[in-house]
Amino acid sequence: MIPAERFGLSVLRDSYAVVFKREGLELTYVEGIGWAPPIEPSLPPPSEDRLPVEVIRAAGLVQVPQAGVRYSGSSGRVRLVFDLPESLPVDKREASYPGRLSLELPYFLPDLEALKLPPDLGLEFRYLPHGTQLTLQAPAGRLYRYRQYGLEDPWRLVLDFYYLQPEARESLSRGISYLEQWAWTPEPLRLYMIQAAPGSWRMELVGQPGLRKALDQMAPRALALLNGGYFDNRTATPIGLWIQDGVALNFPFGRSALLWGDGQIFGGFPKFGAWVETASGQRYPVGVNLWRARLTAHTAVGPVGRPGENVAVVERDRVIATLPAPAELKPGQWGLSFPATDPPIARTGETLKLRMSLEPPVQYALEAGPLLIQSGQNIFDPKREPFTDPRPLNATTLQSAVAWTLEGGLWLVVSEPTTPVVLARALQSLGVWGAIRMDGGGSSQLYVRGALRSPLIESRPRPVVNGLALYPK
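These notes cover the structure that comes with them. Predicted, not measured: the structure shown is a model, and the values here were computed from it. (Residues numbered from 1 in each chain as written. Predicted model: local features only at pLDDT ≥ 70, side-chain atom pairs only at ≥ 80, totals over all residues. Heavy atoms only, no water.)

The next thing to look at is the pairing of strand 19 (residues 224–227). Neither face of strand 19 is left uncovered, since the one carrying Ala224 and Leu226 and the one carrying Leu225 and Asn227 both have all their residues buried. Where strand 19 and strand 40 (residues 446–448) come together, three bridges link them in antiparallel fashion. If you follow Leu225 over to strand 40, its bridge partner there is Tyr447. Here strand 19 pairs with strand 42 (residues 466–472) via four bridges, running antiparallel. Following the sheet pairing, Ala224 is matched in strand 42 by Leu470. (Buried < 20%, exposed > 50% of the residue type's maximum accessible area, 1.4 Å probe, protein only. Helix = DSSP H or I, 4+ residues; strand = E, 2+ residues; numbered from the N terminus. Pairing = 2+ DSSP bridges.)

Right, dumping it as structure tokens:
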């Protein structure tokens, strides 16, 4: 039984008959006699203001095949799945609407009557001879986005409706804006970002190795601030390459890095040469951290070296001990591992300096990773870069990234909780030329004019070791 109002019919009653009427059509049912022409008298009777499906079809109110409907929903999303009696060519479609959305499907959908849809969804529907019209009215201040696609075996049509917070844009300076934007992966992902046009920005690396500090206190005059790279939580020791004003404050660990200067920005695995220098001026080429060699310099705190090696522990350019590997490095120390069968190149108490050259030379560099986008292509691969603990690369949490356009535009991005693989899809969908992930989770923070604008977290923002400070040029 379907309510007559779904077909635009009004209902008139007297003691013996009920009339369903609209312009150009009148259906009459008389108690004890049945339906009046043109309806077959023996068809089932109405029930109050509802009509049987047999009468609906006999009157030509519906002239299309019937399809089943299933419903599922969650916060901010409703999915309708239509079980089709036949194949239906369906183009994938996606569109956003700030207010009212109307869709028409070429099927009769009586199961809609039994669905318990959320009242705030604003879904209305009515039946037409050639299909069913669905209408959605977005709540005040929200927007709808819908997507549709077909599935086979069995044939189904899927409609997803999202009712979301509107996007936002705020001009901060000439060529620089703050945005809150939806990306589709295909699920909606809200991004909080700074977009700076080519030539409008300059960016500095701020912070101090060994010291954790509130990000907004590192550069209080910056237009915007994004958290930087990885660090050891216990000792605040940075992990990976850190070049500030052309000076290496920390050495590479082995992952990709963000490199920039003079309005140019790119990401990748930096080419570098490293060596140690003795008091006599003799130089020995070395590997660094995960780039191992016969002689390997280690700059991260914790155990270093492999069994069968010795480690010269260096503090303030002086060897303070030579220990069998693995040896424990403390903050402010670095170590040189070498085969235990080899004589040390510097003994306890002697001078030993670690040097490095970088190609190409840049003003700023910060190791983070993994790379997400390169030359416009999604290259995210959790196995491509060395992470001793890969779990953060699969966890759903706040994500942060730096992205850039082919023309030299710069984006500082923090997303709502998601995974790096989804963030990579989102950034590629927005057309960036390159992107690299920065430290994530509780470290993910985006400040604009001193105020936290990334997804607000319940606890106090985490102090970090370094960050990226953006200024208008």
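In this section: the nonpolar core. Ranked by internal contacts, the top residues of the largest apolar core, which has 48 residues, are Ile194, Met203, Val402 and Leu468. Apart from the residues within four sequence positions on either side, Met203 is in contact with Leu258, Trp260, Ile265, Tyr364, Leu410, Leu412, Leu468, Ala469 and Leu470. (Core = buried A, V, L, I, M, F, W, Y, C linked by side-chain atoms within 4.5 Å. Contact = heavy atoms within 4.5 Å.)

What follows is about the sheet that holds strand 16 (residues 176–184). The strand order 15-16-17-38-37-39-35-36 describes an open sheet built from eight strands, whose pairing is antiparallel. In this open sheet, the two strands that pair with only one neighbour each are strand 15 (168–173) and strand 36 (377–378). Bridge count for strand 15 against strand 16 is five bridges, and the pairing is antiparallel. Each residue of the ladder has a partner; that of Glu170, found in strand 16, is Tyr178. On the sheet, helix 3 (residues 420–429) packs against strand 16, strand 17 (188–196), strand 35 (371–374), strand 36, strand 37 (397–404), strand 38 (410–418) and strand 39 (434–437) and is oriented at approximately 20 degrees with respect to strand 35. (Axes fitted to C-alpha atoms, helices over the stretch in contact; angles between N-to-C directions.)

One pass over the structure, following the stated rule, counts nine aromatic pairs. On the basis of an interplanar angle of 75 degrees and a centroid distance of 5.0 Å, the ring pair of Phe108 and Tyr127 is categorised as edge-to-face. Of this pair, Phe108 sits in the loop between strand 10 (100–105) and strand 11 (123–128) while Tyr127 sits in strand 11; the two residues are 19 residues apart in sequence, bridging distant segments of the chain. The exposure class assigned to Phe108 is buried, which follows from its relative accessible area of 1%. A connected cluster of aromatic rings, assembled from ring pairs, spans Phe7, Phe108, Phe125 and Tyr127. Over the aromatic face of Phe387 sits the side chain of Arg255, whose NZ or CZ is 4.4 Å from the ring centroid. Lying across the ring of Tyr178, Arg453 places its NZ or CZ 4.2 Å from the centre. (Phe/Tyr/Trp six-rings, centres within 6.5 Å; stacked < 30°, edge-to-face > 60°. Lys NZ or Arg CZ within 6 Å of the ring centre and 35° of its normal.)

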